[in-house]
Amino acid sequence: LMQLALPLGVIGFVYSEVRQGLANLEHMFDLLDMDPEVVDAADARPLAIDRGAISFRDVQFAYDPARPILKGISFDIPAGHTVAVVGPSGAGKSTLSRLLYRFYDIQDGAITIDGQDVRSVTQTSLRAAIGMVPQDTVLFNDTIGYNIRYGRIDASQAEVEQAAQIAQVDQFIKTLPDGYKSMVGERGLKLSGGEKQRVAIARTILKAPPILILDEATSALDTRTEQDIQAALDEVSKNRTTLVIAHRLSTVIHADEIIVLKGGTIAERGTHSDLLAQNGLYASMWNRQLEAARAEEQLKEVRARA
Ligand code: ATP
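As a starting point, this report considers the structure included with it. Since the model is a prediction, treat every value here as computed from it, not as a measurement.

### Observations concerning the overall build of the chain
Then step 1. The helix and strand inventory of the chain stands at 10 helices and 10 strands.
Then step 2. Relative to all contacts within the chain whose residues are 6 or more apart in sequence, the contacts with residues 24 or more apart total 73%.

Written out as structure tokens, the structure reads:
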């Protein structure tokens, strides 16, 4: 029996190493987009998280020196608050989230978390403190349960299911042929954008980071899915310092502050009602989305009657 137990143990070990390798692979995909010059400072310390207050101070950044993207951006996200960034396509919204995660180093200014410059702390500790729900989540060729558990590898099945419930994806999983053991990814079931995003949210709920970055999908979602995702996001961002990169304005109504980015500077800032009252860029974006939503409704009615 011993003879059999040993190789099995070794196989188990190798298997978990391979899984770990896959997990690191996802990390590597994240990093592919990263500047190779981003390295830990010689005296880098682990980030000492208090409550996760974030500050951008006069941040200047360009991917290519000839084309500045951010021209001196300053804003704060007090601990536990939510700041949403909106603005035209290409304004640099997602760039802000990449800089907070330190995929790139800024050229001037500072980004701090609880008073510590992100360039002065270890990248591992920085990324452990931040949960990222990206625009498009890549799922592993593994079970849907594993894809959620990846947020915290030692989580129990009950914890995985609880996270799935909060992320509003539990009902969907229960309809799958093998439930939590259903294979997903390229070689398994293909999930819709909204389902994948809810898996990413469940993963982040398990990770329970003090800081959250939500990079909303650009793709249009149906109203029901959008409401489900919104409920999941509200739940996960409760009491967490949250940066929302928003493409749909309906998700920013309740943000503590909305930043309107345009041409590398902050064009407008305030709450949803402040910005509507200003009757500027935000108000016109809002009205355009309302009109688009109304047109869509009318189209549906016409189709339903036909
Ligand atoms: P969208 O709403 O379309 O997602 P965004 O406001 O999030 O846009 P960013 O993704 O931050 O925009 O991009 C800002 C600008 O930087 C764009 O003009 C883009 O082409 C450019 N850019 C983004 N990533 C890179 C990169 N890795 N290298 C060079 N330029 C880049």
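Alright, that's what it looks like, and here's the rest.
### Concerning the nonpolar core
One broad trend across soluble globular proteins is that nonpolar side chains are buried collectively.
Then step 1. Ile148, Ile201, Ala202 and Ile258 are the most contacted members of the largest nonpolar core, which has 65 residues in total.
Then step 2. With six residues, the top contributor of residues to this core is helix H7 (residues 193-207).

### Quick look at the environment of Leu275
Then step 1. Looking at the secondary structure, you find Leu275 in helix H9 (residues 272-278).
Then step 2. Judged by C-beta crowding, with 24 C-beta atoms within 10 Å, Leu275 ranks as buried.
Then step 3. On a C-alpha basis, the gap between Leu275 and Ile106 in space is 29 Å, while along the polypeptide they are 169 residues apart.
Then step 4. In contact with Leu275, not counting residues within four places along its chain, are Ile258, Glu268, Gly270, Tyr282 and Ala283.

### So, the sheet that holds strand E4 (residues 108-113)
Then step 1. Strand order in this open sheet of four strands is E2-E1-E4-E5, and the pairing throughout is antiparallel. Each edge of the sheet is formed by a strand with only one pairing partner; in this case those strands are strand E2 (70-77) and strand E5 (116-117).
Then step 2. In the sheet, E4 pairs with E5 via two bridges, with the strands oriented antiparallel. Bridged to Ile113 within E5 is Gln116.

### Comments concerning unusual backbone geometry
Then step 1. You will see that Asp114, though not glycine, has its phi angle at about 45°, which is positive.
Then step 2. Mapped onto the elements of the fold, Asp114 is located in the loop between E4 and E5.
Then step 3. One non-glycine residue, Gln168, lies in positive phi territory at about 60°.
Then step 4. Tracing the sequence through the fold places Gln168 in the loop between helix H5 (157-166) and helix H6 (170-174).
Then step 5. The class of Gln168 is buried, set by 21 C-beta atoms lying within 10 Å.

### A look at the packing of H5 against H7
Then step 1. Running from N to C, H5 and H7 cross one another at 125°; their axes reach a closest spacing of 8 Å. With respect to each other, H5 and H7 are oriented oblique. As H5 packs across H7, the resulting crossing turns out to be right-handed. For the pair formed by H5 and H7, the contact residues are Glu159, Val160, Ala163, Ala164 and Ile166 on the first element and Ala202, Ile205 and Leu206 on the second.
Then step 2. Of the residues assigned to the contact of H5 with H7, the class counts are seven nonpolar, no polar and one charged.

### Let's talk about the sheet that holds strand E3 (residues 82-86)
Then step 1. Pairing is mixed in the open sheet, where six strands are placed in the order E6-E7-E8-E3-E9-E10. Every other strand in the sheet has two partners, leaving strand E6 (130-133) and strand E10 (265-270) as the edge strands with one partner each. Across the sheet, the axes of successive neighbouring strands diverge by a mean angle of 20°, strand direction being ignored.
Then step 2. Judged from the four bridges that link them, E3 and strand E9 (residues 257-262) form a sheet pairing that is parallel.

### A short note on the pairing of strand E8 (residues 241-245)
Then step 1. Of all five residues making up E8, five are buried, and the element is well covered by its neighbours.
Then step 2. Burial of E8 is two-sided: the residues Thr241, Leu243 and Ile245 facing one way and the residues Thr242 and Val244 facing the other way are all buried.
Then step 3. Note that E3 and E8 share four bridges and pair parallel. Counterpart to Thr82 in the pairing with E8 is Thr242.

The rules behind the values
- Residues numbered from 1 in each chain as written.
- Predicted model: local features only at pLDDT ≥ 70, side-chain atom pairs only at ≥ 80, totals over all residues.
- Helix = DSSP H or I, 4+ residues; strand = E, 2+ residues; numbered from the N terminus.
- Contact = placed C-beta atoms within 7 Å.
- Core = buried A, V, L, I, M, F, W, Y, C linked by C-beta atoms within 7 Å.
- Buried ≥ 20, exposed ≤ 12 C-beta atoms within 10 Å, placed from the backbone.
- Pairing = 2+ DSSP bridges.
- Axes fitted to C-alpha atoms, helices over the stretch in contact; angles between N-to-C directions.
- Parallel < 35°, antiparallel > 145°, perpendicular 65-115°, else oblique.
- Left-handed = near helix turned anticlockwise from the far one by under 90°.
- Nonpolar A, V, L, I, M, F, W, Y, C, P; charged D, E, K, R; others polar.

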